[in-house]
Amino acid sequence: MINIRLSIDSAKTYVSNLATFQEKISVAHTELLQKTGAGNDFLGWVDLPSQIENSLLEDMEVQAKKIAHMAEVYVVIGIGGSYLGARAVIEALQHHFSLILPGNAPQIIYAGQNISEDYMSDLMQVLDKKEYAVSVISKSGTTTEPALAFRLIKNHLEKKYGKTEAANRIIAITDEKRGALKTLADKENYKTYVVPDDVGGRYSVLTPVGLLPIAIAGFDIKKIIEGAREMEVFLKSTSLIEDNPAALYAAVRNALYGNGKSIEILVNYEPRLFFLTEWWKQLYGESEGKEGKGLFPAGVSNTTDLHSMGQYIQDGSRILFETVLSVEQSHQSLTIPTDQEDLDGLNYLCTKSITEVNQAAEEATRRAHLDGGVPNLRISINEINEKNLGQLLYFFEFACGLSGYTLAVNPFDQPGVEAYKKNMFSILGKPGF
Ligand code: PA5
């Protein structure tokens, strides 16, 4: 069953030309399925949910159990597409305060996603005091940030546990054949998982890149794949805008872009979805932002950001639209207590759940922003769980492929990411730069 729904009711007046996108969307759909479009050597993700081997999922579950016995803390090293997908899912599923109230699985912490000396120093202090293990994730195997973090952590592990036990605590996720990390992993005999050749970083969450850390954090990766597989079958079955929500999302985004909206804001009302927004920003930003084109993907977390970005969204330049990620049910409930004196004036809320109050804020904001000239799309899911997240991840990936092709860019390359690296290497004096 598909649990994700897209409503464009609050954007319709801005996209009266929507039907004109059907032809481009149908061509894009065929190009994705038949792998005939630009960047077609990076379309492995399209069939991933239906093709991933059960034995691979089980192998990762075995590793997760092994790690749970040896580590209180698990360090996930990676950046960009080798970081955000795992973190998006783990933070969406875990207890909000899991670092203070840990469960049975190791606490997941992250490294290699910045070059901060203070961050790395703080991390080393934590690792001095905790039993830990580590995954180093890099498709290219040569990215500076994770490579630097791994050098420091490998050194720390070997001092703490000795070389043999350190190797037992390291898993490398990288290319099957190429890259410095592959060479190192082979030489040191690390357990390795492969990032498939035909899957780019930001589309790799449903490979071991995302799935291994998620399993180690204690979540059900088979359910994630089950959800993604249901969405894969559904989205592949038709390219019609009225029947395929990914086709509709891709068409509406392009229509709004063509009609003067240049910023899309992904809005959540659940703090656990913060990193899903970060993952989405990378997916759409790196896929579409090229050749002087593309919507700028931004994010807000409400109601927090209603008190910071709310003014701009309501009243600033009319160049934006919102896509609200709306969650219908919470997992837990709290009663708002009545107070005899009612000095804070909140007794009128006592018959309502906190989720009802949150939903009232969401609906009120939709109406206000629509009145203020901000078209509003709404993607709703009944609740946050593994299966729904699997559906949502695949939905966004498929829609991104359709949307990028409709925009006439290659959604599967990222030439712009290289520019800063060349300058940095030259500044640092790397041989050859
Ligand atoms: O989506 C992408 O391709 C990038 O964001 C990469 O994931 C990121 O640059 C990290 O690359 P690598 O996995 O090669 O270390």
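Residues numbered from 1 in each chain as written. Predicted model: local features only at pLDDT ≥ 70, side-chain atom pairs only at ≥ 80, totals over all residues. Heavy atoms only, no water.

Colleague: Talk me through the pairing of strand β2 (residues 73-77); I want residue IDs and the actual numbers.
Modeller: For β2, the buried fraction is high: 5 of the 5 residues fall into the buried class. The alternating pattern of β2 places Val73, Val75 and Ile77 on one face and Tyr74 and Val76 on the opposite face, and all of these are buried. Of the strand pairs in this sheet, β2 and strand β3 (residues 107-111) are connected by 5 bridges, and their pairing is parallel. Counterpart to Ile77 in the pairing with β3 is Ala111. Of the strand pairs in this sheet, β2 and strand β4 (residues 132-138) are connected by 5 bridges, and their pairing is parallel. Paired with Val75 across the bridge in β4 is Val134. (Buried < 20%, exposed > 50% of the residue type's maximum accessible area, 1.4 Å probe, protein only. Helix = DSSP H or I, 4+ residues; strand = E, 2+ residues; numbered from the N terminus. Pairing = 2+ DSSP bridges.)

Colleague: So, unusual backbone geometry: which residues are in play, and what are the values?
Modeller: The amide bond that connects Asn302 to the next residue, Thr303, takes the cis arrangement and shows omega of 10°. Along the polypeptide, Thr303 turns up in the loop between β8 (296-301) and α13 (310-315). The backbone of Lys35 sits at a positive phi, close to 55°, despite the residue not being glycine. For Lys35, a relative accessible area of 26% puts it in the partly exposed group. Even without glycine at this site, Asp342 takes up a positive phi of about 50°.

Colleague: Describe the sheet that holds β4, listing the residues and the values that go with them.
Modeller: With parallel pairing, the 5 strands of this open sheet are ordered in space as β3-β2-β4-β5-β6. The open sheet terminates on both sides in strands that have one partner only, identified here as β3 and β6 (191-194). Taken pair by pair, the neighbouring strands of this sheet meet at an average axis angle of 20°, ignoring direction. Bridging between β4 and strand β5 (residues 170-174) involves 5 bridges; their strand directions are parallel. Bridge assignment links Val136 to a residue of β5, and that residue is Ala172. (Axes fitted to C-alpha atoms, helices over the stretch in contact; angles between N-to-C directions.)

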